[in-house]
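Breakdown of the fold
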Amino acid sequence: KSQIYLLERIGFPWVSDRNEIEWQMMYDQLVQFQKEHGHIQVTLLENRYLHEWMRYQRDRYKGTAHTELLPHQMEQLEKIGFRW
């Protein structure tokens, strides 16, 4: 148990799916942006990469991207007020 605790303290990713890890990292950036700015309306000038990621999540939600948005991802985004 102590090894698990230590790994969790340093943010060890328990998910083995690389796409899921990358998605969670971007989501965490969005949450951090919200904490700093009080909203999640990220413009291209503020953070181009995060802005494009948000657009891609909307495409996934609409079914126009290569992959569909997973239910738990949709829930996480909606929890912070993401607009589709």
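Up top is the structure.
Summarised in this report is the structure supplied together with it.

What counts as what
Residues numbered from 1 in each chain as written. Predicted model: local features only at pLDDT ≥ 70, side-chain atom pairs only at ≥ 80, totals over all residues. Heavy atoms only, no water. Helix = DSSP H or I, 4+ residues; strand = E, 2+ residues; numbered from the N terminus. Buried < 20%, exposed > 50% of the residue type's maximum accessible area, 1.4 Å probe, protein only. Contact = heavy atoms within 4.5 Å. Areas by Shrake-Rupley, 256 points an atom, 1.4 Å probe, with all protein chains shown as cover. Core = buried A, V, L, I, M, F, W, Y, C linked by side-chain atoms within 4.5 Å. Salt bridge = Lys/Arg side-chain N within 4 Å of Asp/Glu carboxyl O. Phe/Tyr/Trp six-rings, centres within 6.5 Å; stacked < 30°, edge-to-face > 60°.

A look at the overall build of the protein chain
For the protein chain, the count of helices and strands is four helices and zero strands. Sequence-ordered secondary structure for the protein chain, helices as α and strands as β, is α-α-α-α. With the principal axes as the frame, the protein chain shows a C-alpha extent of 40 × 30 × 20 Å. For the protein chain, the proportion of its 84 residues judged to be buried stands at 24%. Taking all contacts inside the protein chain whose residues are at least 6 apart in sequence as the whole, residues at least 24 apart take part in 42%. Element-wise, carbon and sulfur atoms account for 54% of the exposed surface of the protein chain, whose accessible area totals about 6,500 Å².

Let's talk about the nonpolar core
In terms of nonpolar packing, the biggest core is built from 15 residues, with Y27, L30, L50, W53 and L77 touching the most fellow members. Looking at this core, the elements with two or more residues in it are α2 (18-37) and α3 (48-62). By residue number, the principal contributor to this core is α2, which donates six residues.

Digging into the environment of E20
By the secondary structure assignment, E20 is in helix α2. Taking the relative accessible area as the measure of exposure, E20 reaches 12% and is therefore buried. Considering only alpha carbons, one finds E20 and L70, 50 residues apart in sequence, at a separation of 9.9 Å.

With respect to the pattern of salt bridges
If you walk through the whole model with that rule in mind, you get two salt bridges. Linking E22 and R18 is a salt bridge whose minimum nitrogen-to-oxygen distance equals 2.7 Å. Placement of both E22 and R18 in helix α2 is noted, with a separation of four residues, approximately one turn of the helix. For R18, a relative accessible area of 62% translates into the label exposed. A salt bridge links E52 to R55; the nearest nitrogen and oxygen atoms lie 3.2 Å apart. Of this pair, E52 and R55 both sit in helix α3, three residues apart, roughly one helical turn.

What about the packing of aromatic side chains?
What the rule picks out here adds up to four aromatic pairs. Judged by centre distance (5.4 Å) and plane angle (10°), the rings of W23 and Y27 are stacked. Of this pair, W23 and Y27 both sit in helix α2, separated by four residues, roughly a single helical turn. When its relative accessible area of 7% is taken as the criterion, Y27 is described as buried.

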